[in-house]
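Below are the chains, spelled out letter by letter.
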Amino acid sequence: MWTLDPAITFLNHGSFGACPTAVLEEQSRWRARLEAEPVRFFMRELEPAMDAVRTRLGAFVGCDPEELVWVSNATTGVNTVLRSLRLKPGDELLTTDHGYNACTNALAFAADQAQAKVVVAAVPFPLASADEVTRAVLGAVTPHTRFALIDHITSPTGLIFPVEALTRGLQARGVEVMIDGAHGPGMVPLDLRALGADWYTGNLHKWVCAPKGAGFLHVPRARQAALRPLVISHGANATRTDRSRFRVEFDWTGTADPTPWLSVPQALATLEQCEPGGWPEVMEKNRALALEARALLARSLGVKVPAPEEMIGALAALPLPGREAGPGALPGSGGLDPLQNRLFEEHQIEVPVFAWPGGGQRLIRVAAQRYNRRADYERLARALGKEAPGSASNQG
Ligand SMILES: Cc1ncc(COP(=O)(O)O)c(C=O)c1O
């Protein structure tokens, strides 16, 4: 079902996902159709096809499909919203120290341009309850807080943040809330209507296993008039009246490959068929495996599990004994942690290890997707016993 290299123990679904063969085949069919007659495809066939995909996605994430637009990834979703905010000098943009570096950079860029300020709430890790997140974030709100960017599932620490309580608490204080759900769709059940955030962006190329470049932005109707795409194109002066300007502008931002999005229904169906209970069972089983992996690794590293079980989805991060941090392990950050390289080169295990400035810690983060087995994490534990100085299994 998967195209992953069998020679590698792949424990990093979190970074870029992985795409099943059936989904890649569907993408190839769409590409063939496009290239058979590009004008027919783009001018006549694409719009109804994208409408159908949007309807399917709306049902999956729990919202009106008219409130969804396609973006290539969550980074683009975040940038799109930030670029449309009309910030004033002195405004504060709030985020947390569990945020994703690229998106925190986007916040800093938007703040710089308006002489506004980024405020980073320090959220503890390890932590004993989700309330610690709510307290830290709401405690950082001031009369100047205009906007908050909150991760649904955090990248460095793999935590499910209490986004419902945060959204309610922030909105009650007059703060506009964007949820960065890069890891949300396919890892946890979504009901965007009930969540009620001002904007939600999500990736489908991570836990829905769509081809790379399939993201979305959820924009409630009341927010649509004020939001413009990052790329201004034909829609800006379109005279159509059958669709909103919002729809027309976001649906065409220049010639691009729409096949990642067109393949989303196939991705949804393929993962759904992995388990008799469909998506709910896929999510539960991934979560159960992540918890099992976390317990096993914590024992072998001689560390305590750093967060309560209810904050765990399909990712689990653990602090590594020994605080010396290598370079970051994210694209554009200037290389990989030496331990991550050793695990890959000596043990053929792909797993992220990185310095997390938040708590001055060095973390290892495992992911659990349907192709992973308990034995994968046992291999990692044995490899860490050899490679991670100071770990319990290394000493014992
Ligand atoms: C919380 C969070 N936001 C944003 C992103 C960026 O995703 P993309 O590179 O698809 O834009 C990631 C990627 O892992 C993430 O974890």
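Residues numbered from 1 in each chain as written. Predicted model: local features only at pLDDT ≥ 70, side-chain atom pairs only at ≥ 80, totals over all residues. Heavy atoms only, no water.

## As for the site of the ligand
Near the ligand there are 14 residues, and of these Thr75, Asp180, Asn203, His205 and Lys206 occur at the shortest range. His183 is positioned with one of its side-chain polar atoms (N or O) 2.9 Å from an oxygen atom of the ligand. Of the residues that constitute the shell around the ligand, the class distribution is five nonpolar, six polar and three charged. (Near = heavy atom within 4 Å. Polar contact = N/O pair within 3.5 Å; in protein donor to acceptor, adjacent residues only side chain to side chain. Nonpolar A, V, L, I, M, F, W, Y, C, P; charged D, E, K, R; others polar.)

## What to know about the layout of surface pockets
Taken as a whole, the largest pocket spans an internal volume of roughly 850 Å³. If you trace the largest pocket, you find 33 residues lining it, with Phe250, Asp251, Trp252, Thr253 and Gly254 closest to the centre. Contributing elements (two or more residues each) for the lining of the largest pocket: α3 (38–61), β2 (68–71), α4 (74–84), α10 (245–251) and α11 (259–262). For the lining of the largest pocket, the element with the highest residue contribution is α3, accounting for seven residues. Tallied by class, residues from the lining of the largest pocket come to 18 nonpolar, nine polar and six charged. (1 Å grid on protein atoms, 1.4 Å probe; cavity = no way out; pocket = protein on both sides within 12 Å on 5 of 7 lines; lining within 4 Å. Points joined across faces, edges and corners; volume = space filled by probe spheres on them. Helix = DSSP H or I, 4+ residues; strand = E, 2+ residues; numbered from the N terminus.)

## Looking at helix α5 (residues 101–114)
Between its terminal C-alpha atoms α5 stretches 20 Å, which fits the 20 Å expected from 14 residues at 1.5 Å a residue. Where α5 is buried, its residues meet α4, β3 (92–96), β4 (117–121), β5 (145–151) and β6 (176–181). Where α5 terminates, the next one or two residues include Gln115, which has phi positive at roughly 55 degrees. (Expected span 1.5 Å × (residues − 1). Contact = heavy atoms within 4.5 Å.)

## Things to note about the packing of aromatic side chains
Taken as a whole, this structure holds 11 aromatic pairs when the rule is applied. With 4.9 Å between their ring centres and 75 degrees between their planes, Trp2 and Tyr371 make a pair best called edge-to-face. Here Trp2 is found in the segment before β1 (9–10), whereas its partner Tyr371 is found in the loop between β12 (361–367) and α15 (374–387), with 369 residues between them in sequence. Between the aromatic rings of Tyr200 and Phe216, the centroid separation amounts to 6.3 Å while the plane-to-plane angle is 10 degrees, which identifies the pairing as stacked. With Tyr200 in strand β7 (residues 199–203) and Phe216 in strand β8 (residues 215–218), this residue pair connects regions lying 16 residues apart in the sequence. Take Tyr200: its relative accessible area is 1%, and that puts it in the buried class. Among the aromatic residues, those joined into a ring-pair cluster are Trp30, Phe41, Phe42 and Trp252. (Phe/Tyr/Trp six-rings, centres within 6.5 Å; stacked < 30°, edge-to-face > 60°. Buried < 20%, exposed > 50% of the residue type's maximum accessible area, 1.4 Å probe, protein only.)

## Regarding the side chain of Glu387
One can find Glu387 in helix α15. Assessed through its relative accessible area of 15%, Glu387 is described here as buried. Among the polar contacts made by the side chain of Glu387, one reaches the side chain of His347 at a distance of 2.9 Å. Setting aside its immediate chain neighbours within four residues, Glu387 contacts Leu339, Arg342, Leu343, Glu346 and His347.

## Looking at the domain arrangement of the protein
Per the domain assignment, the segments making up the protein are domain 1 (24–268) and domain 2 (277–395). Centre-to-centre, using C-alpha coordinates, domain 1 lies 27 Å away from domain 2. Each partner contributes to the interface: domain 1 provides 30 residues, whereas domain 2 provides 22 residues. Summing the contributions of domain 1 and of domain 2, the shared interface buries around 2200 Å²; its carbon and sulfur component is 67%. Per-residue buried area on domain 1 facing domain 2 is highest for Phe125, Pro156 and Trp207; these three make up 28% of the total on that side. Viewed at the interface, domain 2 and domain 1 are joined by zero salt bridges. Counting across the interface, domain 1 meets domain 2 through six residue pairs in polar contact (both at pLDDT 80 or more). (Domains from an automatic or database assignment. Buried area = accessible area lost by both parts, 1.4 Å probe. Salt bridge = Lys/Arg side-chain N within 4 Å of Asp/Glu carboxyl O.)

## Remarks on helix α7 (residues 163–172)
Turning to α7, its buried residues number three or more, namely Val163, Leu166, Thr167, Gly169 and Leu170. Buried residues in α7 make contact with β3, α6 (131–139), β5, β6 and α8 (192–195). Two residues or fewer past α7, Gly174 is found with a positive phi of approximately 80 degrees.

## Some remarks on the sheet that holds β8
Taken in spatial order, the seven strands make up an open sheet running β2-β8-β7-β6-β5-β3-β4, and their pairing is mixed. The sheet is open, and its two edges are formed by β2 and β4, each paired on a single side. When the angles between neighbouring strand axes are averaged without regard to direction, this sheet yields 20 degrees. Pairing geometry for β7 and β8, over four bridges, is antiparallel. (Pairing = 2+ DSSP bridges. Axes fitted to C-alpha atoms, helices over the stretch in contact; angles between N-to-C directions.)

## Digging into the packing of helix α2 (residues 21–36) against α3
Where α2 contacts α3, the axes come no closer than 7 Å and their chain directions differ by 130 degrees. Classed by the angle they form, the pair α2 and α3 counts as oblique. Judged by residue contacts, Trp30, Arg33, Leu34, Glu35 and Ala36 of α2 engage Pro38, Phe41, Phe42, Glu45 and Ala49 from α3. Residues of the contact of α2 with α3, tallied by class, amount to seven nonpolar, no polar and three charged. (Parallel < 35°, antiparallel > 145°, perpendicular 65-115°, else oblique.)

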